[in-house]
Amino acid sequence: MTGQLLQDFIAAVDAESFDSFEAALRKFKLLKEVKGNGEVEIGVIAKVAKPIGVAVGERLAESDEKVRARWLNRLATDEKAAARCMACFVLGEIGRVAPSSIIDLAHKLAADDRWEVRECIANAFDDQIGVAQPEFVYDLMSRWVADPSPNVRRCTTNALMRYGIRQPRKVIALMDKLRRDESEYVRKNVKFCLQQIAK
């Protein structure tokens, strides 16, 4: 089922058919792991949402900006958390080539009420956008450390791990701003980030 779903999404994007994209998304949302909108398991993210999101994102990154925005917004505002997780990886690929175009939507996903979505957007910054646009990610996260939302502040701790290995002093200085954050959620992730950098 996953292989066919991936092909359906790719075919929809290649044909620039939003109707086909909606049909593929309906099939995705019928998966038993997605249908109930319960906790999105890591396996579903790794084996389904991420591969589809990366493939769709690679293709959309080459599309017209309005086309990209329409398709990405559709996923990012879906009622299913698994679809929003997929949106994070689509956004990650688009952000590799057009980073300034993803800021507002990335912020919305970083503030999402579901931890799985927040984890996926942080990973998209670290594993996708940060590889191609490291200074962009660092500059954006430098602003997000002061965001009113603890969920957005927490995103910075995971979005900069790869960057922190290459530029430890810069990331440690940012983490120092969050070390005494009012949110325990943020503080715990600062510790995790610093441990990863130390390795």
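That block above? That's the structure.
A quick note: this is a predicted structure, and the numbers were derived from the prediction, not measured.

Next up on the list: the packing of helix H10 (residues 150-159) against helix H13 (residues 184-198). With their axes 8 Å apart at the nearest point, H10 and H13 run at an angle of 5° to one another. In terms of orientation, H10 lies roughly parallel with respect to H13. On H13, the residues that touch Pro150, Asn151, Arg153, Arg154, Thr157 and Asn158 of H10 are Tyr185, Val186, Asn189, Val190, Phe192 and Cys193.

This part is about the packing of aromatic side chains. How two aromatic rings sit relative to each other is set out by the distance from centre to centre and by the angle between their planes. Enumeration according to the criterion identifies six aromatic pairs in this entry. Ring pairing ties together the aromatic residues Phe9, Phe18, Phe21 and Trp71, which thus form one cluster. Here the basic side chain of Arg70 rests over the ring of Phe18, its NZ or CZ set 3.6 Å away from the ring centre.

Counting 69 residues, the largest nonpolar core has Phe9, Phe28, Leu91, Ile121, Phe125 and Trp144 as its most contacted members. Here this core takes 11 residues from helix H6 (residues 81-97), the largest share from any one element. Excluding residues within four positions of it along the chain, Leu91 makes contact with Leu72, Ile102, Leu105, Ala106, Leu109, Ile121 and Ile129.

Taking 1.5 Å per residue as the helical rise, helix H2 (residues 18-29) with its 12 residues ought to reach 16 Å, and the 16 Å between its terminal C-alpha atoms agrees with that figure. Burial in H2 covers these residues: Phe18, Phe21, Glu22, Ala24, Leu25, Phe28 and Lys29. Along the axis of H2, the buried positions cluster into a sector of 160°, meaning they face one direction only. For H2, the elements touching its buried residues are helix H1 (2-14), helix H3 (32-35), helix H4 (42-60), helix H5 (65-76) and H6.

Quick look at the environment of Asn123 now. Structurally, Asn123 can be placed in helix H8 (residues 115-132). Relative accessible area serves as the criterion here: at 27%, Asn123 is assigned to the partly exposed category. The spatial distance from the C-alpha of Asn123 to the C-alpha of Glu39 is 18 Å, given a sequence separation of 84 residues.

Analysis parameters
Here the residue numbering is sequential within each chain, running from 1 through the sequence in written order. In keeping with the model being predicted, local features are shown solely for residues with a pLDDT of at least 70 and side-chain atom pairs are shown and tallied solely at 80 or more, while totals for entire chains, interfaces and linings include all residues. Calculated side-chain values reflect all of the structure's heavy atoms, with hydrogen atoms and water omitted. To define axes, lines are fitted to C-alpha atoms, for helices over the stretch in contact only, and angles between the resulting N-to-C directions are given on a 0 to 180 degree scale. A run of H or I in DSSP becomes a helix once it reaches four residues, and a run of E becomes a strand once it reaches two; helices and strands are each numbered from the N terminus. Working definition: roughly parallel below 35 degrees, roughly antiparallel above 145 degrees, roughly perpendicular at 65 to 115 degrees, and oblique for all remaining angles. Note on contacts: a residue pair is in contact if any heavy atoms of the two residues lie within 4.5 Å. Planes of paired rings set the category: under 30 degrees apart is stacked, over 60 is edge-to-face and the rest tilted, where pairs are Phe, Tyr or Trp rings (Trp by its six-membered ring) whose centres lie within 6.5 Å. Our definition puts a charge over a ring when NZ of Lys or CZ of Arg is within 6 Å of the ring centre and also within 35 degrees of the ring normal. To form a nonpolar core, buried Ala, Val, Leu, Ile, Met, Phe, Trp, Tyr and Cys residues must be joined to one another through side-chain atoms within 4.5 Å. Exposed residues in this analysis have more than 50% of their type's maximum accessible area, buried residues have under 20%, and partly exposed residues fall in between, with area computed by a 1.4 Å probe over protein chains only. To estimate how far a helix should reach, multiply one less than its number of residues by 1.5 Å. To be clear, the arc concerns the directions from the helix axis to the C-beta atoms.

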